[in-house]
Amino acid sequence: MTLAAATNESLAEMSNVLIYSAMAVYTLAFFAYIAEWIFGSRSKVARTAAALTPKTQAKQAPAVTVNKAGGTAVLERPKVVVRAASGSRDVPDGPGAHGGDEQGDLFGRIAVSLTVLAFLLAFGGVLTRALSVERAPWGNMYEFNITFSTTAVGVYLLLLALKKNVRWLGLFLTTTVLLDLGLAVTVLYTESDQLVPALDSYWLYIHVSTAILCGAVFYVGAVGAVLYLFKDAYETKLAGGGRPGTFATSVLERLPAAASLDKFAYRVNAAVFPLWTFTIIAGAIWAGDAWGRYWGWDPKETWSFITWVAYAGYLHARATAGWKGRKAAYLALAAFGCWLFNYYGVNIFVSGKHSYADVGLGALRSVGF
Amino acid sequence: MSKTTTDETPGGTDTRDQDQDLGAAASQLSTAPTEEPPNLPSLGVVGWARWFWRQLTSMRVALLLLLLLSLGAIPGSLIPQTGIDETKVADFREQHEVLAPIYDKLGLFDVYSSVWFSAIYILLFVSLIGCIVPRTWQFVGQLRGRPPGAPRRLTRLPAHTTWRTGAAPEQVREAALALLQRRRFRAHLVGDAVAAEKGYLREVGNLVFHFSLIVMLVAFAWGQLFKSEGNKLVVEGDGFSNTLPQYDDIKSGSLFDAGDLEPFSFTVKDFRGTYERTGPNKGTPRTYEVDLAYSEGAYGEEKKTTVKVNEPLQVGDAKVYLTSHGYAPVVTVRDGKGKVVFQDAVPLLPLDANVTSSGVVKVLDGYRNPEGEKEQLGFQAFFVPTFGGSATGTMISQFPALDYPVLALNAYHGDLKANSGIPQSVYQMDKTKMKEFKDADGELFKKLLMPGETMKLPNGAGSVTFEKDIKEWAQFQVVQEPGGGWALGGAVAAIGGLAASLFIQRRRVWVRAAAGPDGVTVVEMAGLGRSESAKVPEELGDLAAVLYDRVPGAPDPDDASPDTSDSPDPQAAPAEGAEK
Ligand code: HEM
């Protein structure tokens, strides 16, 4: 018994060390991404401007050729020509943060490698934390936070591994991940401990793990939506004959086209929406077993519902004339705001049956005892 | 092999023309309501009603209502709600004398059953029904019909490809039809082209999702109307049967009937609790469970089960939850002659997390005082499972488990007024007609007892024994909420429908094969999705590759103009000419 406790304590120690190491490496990655942006700025890329400045417009061929050459086929395949839907701007995607600069690209690669390393460290931190408490590492806000940021980075790396064009996310992601971890180790830190019986259910694994995953993916979608808003404003200005500032140009030229960012945000949000629906339903089933009713308008339930309706509104907006584009993007951000409030705001400011996730204080008797 | 790149002429006419071109091809690719420009109704009640209905079932209003619903749900999460925590509402009323009446008027203490909140979601669901029904009919129509023929100029579509082949046009069309059908497209031949469509499940999914929302709402409302929720405290060894009079208290929905109660009964065998011994969470429960023997129906056979915090006992529609627990010391009271007048486990109510408890021992019948008169006895009881030691001087428990149990009693005699007709709490004593037993100093007679100890009442009035056997009690909440199965079914269907709706792309493919001006067959393929997607060109590429294998490319004519692909269509030619 005491021996086990000692092992657990050293595991918890190890978890803390790993989390701090991860933070250090994330910081290095952060600087490497900065370097990528800085070196990338040396090259002059102004494709958007070229595509949108009236005189050159006609010359720009928007054709993106999709090559699907099979390995065995000897025959040349017919080429598929893709064109943008009528009404949308034909703007090519930016080259990414490195801006085509070789040194910038090198720093970008270093940054990604460091992100992978930091991710592994953080993952180890989460894992040892879980081992030290012999349960899933989602019993309090400290644990939520470290799992959440690790998952968000995991989603990013997964998209990279799938060869999606998302490296431009790196800087924004590491910045916020550092904030999130900083908050976790300073304000939210909680000694590792076991769960109250109400949290001790396999629904914890299902409900909370999907909730964290959804949050991470929604977050990536929200970053996409913010960047879309900037890029769209930039493109609109250019198309109207305006001249954006040099800093804006330098940054925004390197991002994907507004249409691509918009589509990226939509895909990410839409892909995870069914999972979010499932999360709420799993929570309702759990509430049915733990509290005797599956839905009772507890603040956490209410805010999950609000988040859900807000994202449903966003998906609707995309199919509603006059609501596509910027308005839909604002909706997506509002929806993510609801998610964030549900995660931080409700835990800290509003008390309800979900108040297990206390900051510091031992979780106590939330189920009526 | 010719490769066509876009040759866009800037200008309004082109875009409009292009949209018209796509119009037919893209028609009915979804069942979403088309947005009409708001044209105000000209005349009459019917006109207005129709206009109103159109508005209500439009996507714009549905979106607005969705946003309103999420906004409307917010106050209920920030302001205390009667349905969730009445004491908090009472506190709030005391602290905000000005605000509270306003909140009352606005229904802000009961948002989720307020008129305005109900209005939003009822409107939304009327809109939903008004949206689903026509969409379903439309979809059935689309299933009966066939994919529309190829647009005049396939080059105008979001993804397209073309090549010249030595094969005859009929041969190409046949191969294309076979290929598309094998790939589970619904395909048919229209004129010189094959038209094909796939992904109808997307629409099915979308309709199923929206329909499931209705099922869930109805199931939830049904559950609220027929719901019952009662509490019962049972001491180890005692039993409960699920009838109205047995409950300590019960709340129910407006259509609930006592006959709806699921017939079952149970006996409490054993409660087990263990608690964290050290650390910051000292005292937090670790095990918390109760063994029951229960039987379903009036004469069901007895079965054994264990109820835990997350694991209620389910009988039919009813669920039995373990909600709290406490101690019930067994107390024996004897009169002056040593005759036992009371012996029972007395459940005491916990006051804090470490189960400091209080309650009353009432001896109603059978006691005669030393003078031989009938009298009633009452004892105020305080109990701690873990006493801090007499040095601390307090009766505040240090730990929830039975480490050092101590019972403190003070004694009264007289009339408990139990028969006055006013229902009495078993945990409180009406002292108006009770007199204190006095100790030697003339103070209220009171004593601390360890298990097994007996205290003698003054003047030979009898004795009270705190038996060694301390029982525990468990409190149960019995909830019966019909419709849960429907809600769950609706939820599962909703997720399935949603996934189909979001992940399946409904798309069309056309393959046109016709002889070009030089007699060589020109194959044109184009794809169109409901929304722009990378999958459409990818799939088109795949299809084209397979078809290209069957009807391989022929060499390009030397003088191929980039417009070759447009010319095979005889109808298109004049329009193109006029445009340029
Ligand atoms: C109870 C409230 C509603 C919720 C939560 C809801 C939710 C959703 C969601 C999440 C989607 C996205 C799925 C997809 O894109 O296929 C969707 C699509 C859709 N909804 Fe709703 N909806 C609601 C009410 C309505 C109403 C009242 C209408 C009719 C006016 C409607 C019509 C549609 C249509 C046509 C689509 C498909 C859009 C498209 O084709 O992309 N919905 N809805």
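Sequence positions are assigned chain by chain, starting from 1 and proceeding in written order. Each chain takes a letter, starting from A, and each ligand takes a number, starting from 1, following the order in which they are written. Totals for whole chains, interfaces and linings use all residues, but because this is a predicted model, local features are given only for residues with pLDDT of at least 70 and pairs of side-chain atoms are given and counted only at 80 or more. Hydrogen atoms and water are omitted, and side-chain values are computed over all heavy atoms in the structure.

Draft legend 1. Structural detail: the overall build of chain B. Of regular secondary structure, chain B possesses eleven helices and 22 strands. The buried label goes to any residue with under 20% of its type's maximum accessible area, the exposed label to any with over 50%, and the partly exposed label to all in between, with areas taken from a 1.4 Å probe on protein chains only. Burial statistics for chain B: of 580 residues in total, 48% are counted as buried. Any two residues having at least one pair of non-hydrogen atoms within 4.5 Å are treated as being in contact. Long-range pairs, those at least 24 residues apart, make up 66% of the contacts in chain B between residues at least 6 apart in sequence. For chain B, the exposed surface amounts to about 28100 Å²; the carbon and sulfur share of it is 56%. Working definition: helices are DSSP H or I runs of at least four residues, strands are E runs of at least two. Numbering for both runs from the N terminus. Computed with the Shrake-Rupley method and a 1.4 Å probe, the accessible areas treat only the protein chains shown as cover for residues.

Draft legend 2. Region of the structure containing the coordination of the iron atom of the ligand. Note that water is not among the atoms considered, so a metal site may appear incomplete; the donors listed are N, O and S atoms within 2.8 Å of the metal, with 3.2 Å applied to Na, K and Ca. Within the protein, the atoms that donate to the iron atom of the ligand are His316 of chain A (NE2) and His210 of chain B (NE2), at distances of 1.9 Å. Working rule for geometry: tetrahedral if four donors all subtend angles between 85 and 135 degrees; square planar for four, octahedral for six, if opposite donors exceed 155 degrees and the others stay between 65 and 115; irregular in every other situation. Each of the six donor atoms bound to the iron atom of the ligand contributes to angles spanning 81 to 179°, and the resulting shape is octahedral. Taken together, the positions of His316 of chain A in helix α10 (residues 299-318) and His210 of chain B in helix α8 (residues 200-225) put the pair across two chains. Since its relative accessible area comes to 19%, His316 of chain A is described here as buried. With a relative accessible area of 10%, His210 of chain B lands in the buried category.

Draft legend 3. Quick look at the site of the ligand. For each residue, the test is whether any non-hydrogen atom lies within 4 Å of the molecule or strand; if one does, the residue is near. Taken together, 27 residues sit near the ligand, with His316 of chain A together with Cys131, Asn206, His210 and Ser501 of chain B positioned nearest. The environment of the ligand is shared, with nearby residues belonging to chains A and B. Here a nitrogen atom of the ligand sits 2.6 Å away from a polar atom, N or O, in the side chain of His316 of chain A. For the ligand, a nitrogen atom lies 2.8 Å from a polar atom in the side chain of His210 of chain B. For the shell around the ligand, the elements supplying multiple residues, two or more each, are α10 of chain A together with α3 (59-78), α6 (115-144), α8 and α9 (484-503) of chain B. Nitrogen and oxygen atoms within 3.5 Å of one another constitute a polar contact, given that in protein one can donate a hydrogen and the other can accept it, and given that sequence-neighbouring residues count only through two side-chain atoms.

Draft legend 4. Inspection of unusual backbone geometry at higher detail. Residues and elements named next belong to chain B. The phi torsion at Arg184 lies on the positive side, around 65°, for a residue other than glycine. Looking at the element boundaries, Arg184 is found in the loop between α7 (169-182) and β2 (186-190). Not every positive phi belongs to a glycine, and Asn459 is a case in point at roughly 60°. Here Asn459 is to be found in the loop between β19 (454-456) and β20 (463-480). With relative accessibility at 74%, the residue Asn459 sits in the exposed group.

Draft legend 5. Quick look at the domain arrangement of chain A. Residue and element names in this part refer to chain A. Residue ranges labeled as domains rest on an automatic or database domain assignment. Split by domain assignment, chain A resolves into domain 1 (8-44 + 93-194) and domain 2 (199-357). Using only C-alpha atoms to locate each centre, domain 1 and domain 2 end up separated by 20 Å. Each side of the interface is counted separately: domain 1 has 34 residues, and domain 2 has 31 residues. Buried area counts how much accessible surface, traced with a 1.4 Å probe, disappears from two parts once they are put together, with both parts' losses summed. Buried surface at the junction of domain 1 and domain 2, both sides included, amounts to about 2700 Å², of which 77% is carbon and sulfur. Any Lys or Arg side-chain nitrogen found within 4 Å of a carboxyl oxygen on Asp or Glu counts as a salt bridge. Summed over the shared surface of domain 1 and domain 2, the result is zero salt bridges. Where domain 1 meets domain 2, there are five residue pairs in polar contact (both at pLDDT 80 or more).

Draft legend 6. Seen up close, the packing of helix α5 (residues 141-161) of chain A against helix α6 (residues 170-186) of chain A. Residue and element names in this part refer to chain A. Running from N to C, α5 and α6 point in directions that differ by 165°, and their axes come no closer than 9 Å. Comparing their axes, α6 and α5 come out roughly antiparallel. Viewed along their axes, α5 and α6 form a crossing whose handedness is left-handed. Residue-level inspection shows Tyr142, Asn145, Ile146, Phe148, Ser149, Ala152, Val153 and Tyr156 of α5 in contact with α6, the latter providing Gly170, Leu173, Val177, Asp180, Leu181, Leu183, Ala184 and Val185. Following the grouping adopted for this structure description, the nonpolar residues are Ala, Val, Leu, Ile, Met, Phe, Trp, Tyr, Cys and Pro, the charged ones are Asp, Glu, Lys and Arg, and the polar ones are all others, Gly among them. Across the contact of α5 with α6, the residue classes break down as twelve nonpolar, three polar and one charged. Only the contacting stretch of a helix is used when fitting its axis, a line to C-alpha atoms as for every element, and angles between N-to-C directions run 0 to 180 degrees. Roughly parallel means an angle under 35 degrees; roughly antiparallel, over 145; roughly perpendicular, 65 to 115; everything else is oblique. Crossing handedness follows the turn of the near helix against the far one: under a right angle anticlockwise gives a left-handed crossing, and clockwise gives a right-handed one.

Draft legend 7. Geometry of the packing of aromatic side chains. The criterion for an aromatic pair is that two Phe, Tyr or Trp rings (for Trp, the six-membered ring) have centres within 6.5 Å, with stacked assigned to planes under 30 degrees apart, edge-to-face to planes over 60 apart and tilted to the rest. Summed over all chains, the structure comprises 42 aromatic pairs over all chains. Seen from their ring centres, Tyr112 of chain B and Phe117 of chain B are 5.3 Å apart, and the 85° between their planes marks the pair as edge-to-face. Accessibility assignment for this pair places Tyr112 of chain B and Phe117 of chain B in one class, buried. Note on Phe383 of chain B and Phe466 of chain B: the rings are 6.4 Å apart at their centroids and 85° apart in plane angle, and the pair reads as edge-to-face. You can see Phe383 of chain B sitting in strand β15 (residues 376-384) and its partner Phe466 of chain B sitting in strand β20, a full 83 residues away along the chain. The exposure classification of Phe383 of chain B matches that of Phe466 of chain B, with both residues buried. Counting every residue linked through ring pairs, the aromatic cluster contains Phe144, Phe148, Tyr219, Phe336, Trp339, Tyr343 and Tyr344 of chain A. Directly above the ring of Trp323 of chain A sits Lys327 of chain A, whose terminal nitrogen or CZ lies 5.0 Å from the centroid. Note on geometry: a ring has a charge over it if NZ (lysine) or CZ (arginine) is within 6 Å of the ring centre and within 35 degrees of the ring normal.

Draft legend 8. Looking closely at the environment of Gly72 of chain B. All names here are of chain B. Relative to the helices and strands, Gly72 resides in helix α3. Assessed through its relative accessible area of 7%, Gly72 is described here as buried. Between the C-alpha atom of Gly72 and that of Ser358, which follows or precedes it by 286 residues, the distance is 43 Å. Leaving out residues up to four positions away in the same chain, Gly72 has contacts with Val111, Trp116 and Phe117.

Draft legend 9. Examining the domain arrangement of chain B more closely. What the domain assignment lists for chain B is domain 1 (45-139), domain 2 (147-199 + 507-564), domain 3 (224-325 + 477-493) and domain 4 (326-471). When each unit is reduced to the centre of its C-alpha atoms, the spacing between domain 2 of chain B and domain 3 of chain B is 65 Å.

Draft legend 10. Broad picture of α7 of chain B. Residue and element names in this part refer to chain B. Expected helix span is computed as 1.5 Å times (number of residues minus one). Relative to the 20 Å expected for 14 residues at 1.5 Å per residue, α7 spans 20 Å between its end C-alpha atoms, a close match to the ideal helical length. Those residues of α7 not exposed but buried are Pro169, Val172, Arg173, Ala175, Ala176, Leu179 and Leu180. End-on, the buried residues of α7 take up no more than an arc of 165°, which puts them together on one face. Exposed residues on α7 whose side chains face more than 90 degrees from its buried face are Glu174 and Arg182. Looking at the buried positions of α7, the neighbouring elements they touch are β1 (159-165), β2, β3 (193-198), β21 (507-515), β22 (521-529) and α10 (535-550). Arg184 occupies a position one or two residues after α7 and carries a positive phi of about 65°. Comment: arc refers to directions from the helix axis out to C-beta atoms.

Draft legend 11. Geometry of the pattern of salt bridges. Residue and element names in this part refer to chain B. Under the defined criterion, the tally for this structure stands at 26 salt bridges over all chains. Where Lys303 meets Glu296, a salt bridge forms, and the shortest distance between an N and an O atom there is 3.4 Å. Among the residues examined, Lys303 registers a relative accessible area of 32% and is labelled partly exposed. The class for Glu296 is partly exposed, based on a relative accessible area of 34%. Among the ionic contacts, a cluster of salt bridges with common partners joins Arg135, Glu197, Glu203, Arg506 and Arg508.

Draft legend 12. Looking closely at the pairing of strand β9 (residues 303-308) of chain B. Residues and elements named next belong to chain B. Pairing geometry for strand β8 (residues 285-296) and β9, over six bridges, is antiparallel. For Asp291, the partnering residue across the bridge sits in β9 and is Thr306. In short, DSSP must find at least two bridges between two strands for them to pair. In sequence, β8 turns back onto β9 through a hairpin of six residues, with Gly297 there showing a positive phi of about 75°.

Draft legend 13. Representation of the UniProt feature "transmembrane region" (unreviewed entry) in chain B in the model. Residue and element names in this part refer to chain B. UniProt positions are given in the numbering used here, feature names are shortened, and annotations may be inferred rather than shown by experiment. Under the feature "transmembrane region" (unreviewed entry), the UniProt entry names residues 61-79, 115-137, 207-226 and 485-504. Overall, residues 61-79 shows 95% helix and 0% strand. The separation of its end C-alpha atoms is 28 Å. The span residues 485-504 is 95% helix and 0% strand, and its two end C-alpha atoms sit 28 Å from each other.

Draft legend 14. Broad picture of the UniProt feature "transmembrane region" (unreviewed entry) in chain A. All names here are of chain A. Under the UniProt annotation, the feature "transmembrane region" (unreviewed entry) is placed at residues 17-39, 110-132, 144-162, 169-190, 202-230, 264-287, 302-321 and 328-346. End C-alpha to end C-alpha, residues 144-162 measures 26 Å, and it is 95% helix and 0% strand. Secondary structure content for residues 302-321 is 85% helix and 0% strand, while the C-alpha to C-alpha distance between its ends is 29 Å.

Draft legend 15. Seen up close, the confidence of the model for chain B. Residue and element names in this part refer to chain B. pLDDT expresses, on a scale from 0 to 100, how confident the predictor is about each individual residue. Here chain B shows a mean pLDDT of 84. Residues at 70 or above account for 88%. Throughout residues 1-20 the model reports pLDDT below 50, and contacts reaching past four residues in sequence, or to other chains, amount to 34 contacts. Below a pLDDT of 50 lies the segment residues 559-580, which in the model reaches 26 contacts outside its immediate sequence neighbourhood of four places, other chains included. If you check the scores for this complex, the pTM reads 0.82 and the ipTM reads 0.83.

Draft legend 16. Geometry of a nonpolar patch on the surface. Residue and element names in this part refer to chain B. Each patch is built from residues that are more than 30% exposed by relative accessible area and take part in no salt bridge. Like charges join if they lie within 9 Å; nonpolar side chains (Val, Leu, Ile, Met, Phe, Trp, Tyr) join within 5 Å. A grouping of Val98, Leu99, Ile102, Leu106 and Trp116 is seen on the molecular surface, where their side chains present a nonpolar patch of about 440 Å² in accessible area. Here the nonpolar patch gets three residues from one element, more than from any other, and that element is helix α5 (residues 99-106). Residue placement: Leu106 occurs in helix α5. Residue Leu106 is classed as partly exposed on the basis of its relative accessible area of 44%.

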